[in-house]
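# Topology and contacts: notes
Take a look at the letters that make up each chain.
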Amino acid sequence: MLKIQPAELKVIAQYIHDISGIYLDQSKSYLFETRLSSIAEEHGCNSYQELYQKARKDAGKRIERQIIDAISTNETLFFRDNGPFELLKHKLLPEIIDLRTPSSPRLKTNIKIWSAASSTGQELYSVAMVIKDLIGNQMDQFNFKLLGTDISDSAIQQASYGKYNKFEIERGLPRQTLQKHFTLFGDSWKVKDELRAMVNFRKLNLMLPFGGLGKFDIIFCRNVAIYFTLADRKKLFNKLADSLADDGFLIIGSTESLTGICPRFVPKRHLRAIFYQKKT
Amino acid sequence: MNNLTILVVDDDPVIRRLLEQRLAKEKYKVLLAEDGYVGNETLASNHVDVVLTDLMMPGDVGGIEVLEFAKELERNIEVILITAHSSIDTAVEAMKKGASDYLEKPINFTELFLRLEKISTMRGLVRNAQDLRQAMDVTESTAAETIQNLEITAASLQSHIDSIESIANNHELDFAERVAQILKNIQSIR
Ligand SMILES: C[S@@+](CC[C@H](N)C(=O)[O-])C[C@H]1O[C@@H](n2cnc3c(N)ncnc32)[C@H](O)[C@@H]1O
């Protein structure tokens, strides 16, 4: 494996931070080597400095994309931590439906939900399954917009395809849920078309301006800010507050905290889960 | 100490004995079966890590059937087939059905021990990964509980600080009144 030189560590760490916001500890050189050496080899580079230069010059940004795929941790599973999805089913969805149902029965109820670091899609599909199971055959009264975004191209690609191997399926999906929402596809499983039709995935770097995404009623931003510096986390949650409806809900990872990060959010507890709302 | 249990299925008593001796010498635990039928019975009633089975055996239950039965029973069982050179095609077919490997007769023991060691290492790694994941899950859920409690506590303290600040700044109250209200507010925190 290609060894990284001390002088290169700083340059590469800075570069990774610039393109993704991800902060890698420079004292852990193995982190860089295990993740980047094969990319360096593939592009015939004899040093990480050379890889860095090649990546910067690469107009198609293919190397940059490869580096992002290699350093981002895509670890995720269906119904991760469970609590947030129980919360969604028993509190957040019923409340937001109440708030958003128009007085005229001829109008549909519009609800927007965002999985802000959706990885390979399990989080957003879990949300979609909760919605389908809750609403059942009254779906035509609603207009759900479910958006998943991630910085990793390969993650977005898998999410859009909606295909999962048996190891991904075994983690977190009860048998009944699997049979209801997936179909066997070779030795993998694919989400059914009606579930797939509820969601959209697209690439977005959370470090950059969000563009015209509009306001969401519920935002999931779980297990991604942990890879950012404190300063970047503050900026991120501030932007998320701007993107959340005033009466909307934010859910973060089960071991994350907003104390000292974003005073615009107040935590609230329901059952065994915590959610955040904007301070009024 | 090798902790794998190996089931040898072969109708040839000479090969059975030979395998039993060599494997036992390497400290593997060995079970023996003289045909596929007995092999399947042994599988059903014992914990087995690796099956070492002859491909061609007299009777209805050959190596392929033993393989299928073993995989049905427990996906994690590794099956190594022993074949004559002439039936290598069948052995390759068997790999598609989930056999981990095949060995040609006469058995090359160095090769066999190498495969078994690999299986043993692999099992150790999988086991380690499972243990780590489980340990991580426990740590994570304990941490989550602590963090959530702290998060709620911090938020409630913050709201006390906010109201104390507004009392302190409330110029409609005289000084003594403000102190009294602030003290009352502080006492309500505990
Ligand atoms: C550990 S996964 C979390 C997935 C899911 N939210 C969950 O909790 O299971 C982290 C994801 O964040 C993505 N990510 C990292 N930096 C990002 C950035 N700057 N913008 C958007 N996504 C990012 C990674 O590509 C990865 O898929």
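Note that the structure is predicted; figures quoted are calculated from it, not measured.

### A look at the interface of chain A and chain B
Taken together, the contacts link 17 residues of chain A with 13 residues of chain B. Overall, the association of chain A and chain B removes approximately 1,300 Å² of surface from exposure, summing both partners, and the carbon and sulfur fraction of that is 49%. Our count for the chain A to chain B interface comes out at one salt bridge. Across the pair B:Arg133 and A:Glu75 runs a salt bridge whose closest N-O atoms are separated by 4.0 Å.

### Quick look at the sheet that holds strand β1 (residues 5-9) of chain B
Residue and element names in this part refer to chain B. Across the sheet, five strands lie side by side as β2-β1-β3-β4-β5; this open sheet has parallel pairing. Pairing within the sheet leaves two strands with one partner each, and these edge strands are β2 (29-33) and β5 (101-104). For this sheet, the mean inter-axis angle between neighbouring strands, taken without regard to orientation, is 20°. Alignment of strand β4 (residues 78-83) against β5, held across four bridges, turns out to be parallel. Following the sheet pairing, Ile-80 is matched in β5 by Asp-101. The strands touched by helix α3 (residues 63-73) are β3 (50-54) and β4; relative to β3, the strand with the most contacts, the crossing angle is about 160°. Along the sheet face, helix α4 (residues 88-96) touches β4 and β5 and points at about 160° away from the line of β5.

### Looking at the nonpolar core
Residues and elements named next belong to chain A. Of all hydrophobic cores here, the largest spans 51 residues; its most connected members are Ile-67, Trp-114, Phe-237 and Leu-250. Every element with two or more residues in this core is listed here: α1 (6-20), α2 (29-42), α3 (48-57), α4 (62-71), β7 (216-221), α11 (230-243), β8 (244-252) and β10 (273-278). Ranked by residue count, the leading element in this core is α1, at six residues. In this structure Leu-250 touches Ile-219, Cys-221, Phe-237, Leu-240, Leu-244, Leu-258, Phe-265, Phe-275 and Tyr-276, once residues within four positions along its chain are discounted. By size, the runner-up hydrophobic cluster in this structure holds 41 residues, among which are Leu-93, Ile-169, Trp-189 and Phe-249.

Definitions and cut-offs
- Residues numbered from 1 in each chain as written.
- Chains lettered and ligands numbered in written order.
- Predicted model: local features only at pLDDT ≥ 70, side-chain atom pairs only at ≥ 80, totals over all residues.
- Heavy atoms only, no water.
- Contact = heavy atoms within 4.5 Å.
- Buried area = accessible area lost by both parts, 1.4 Å probe.
- Salt bridge = Lys/Arg side-chain N within 4 Å of Asp/Glu carboxyl O.
- Pairing = 2+ DSSP bridges.
- Helix = DSSP H or I, 4+ residues; strand = E, 2+ residues; numbered from the N terminus.
- Axes fitted to C-alpha atoms, helices over the stretch in contact; angles between N-to-C directions.
- Core = buried A, V, L, I, M, F, W, Y, C linked by side-chain atoms within 4.5 Å.
- Buried < 20%, exposed > 50% of the residue type's maximum accessible area, 1.4 Å probe, protein only.

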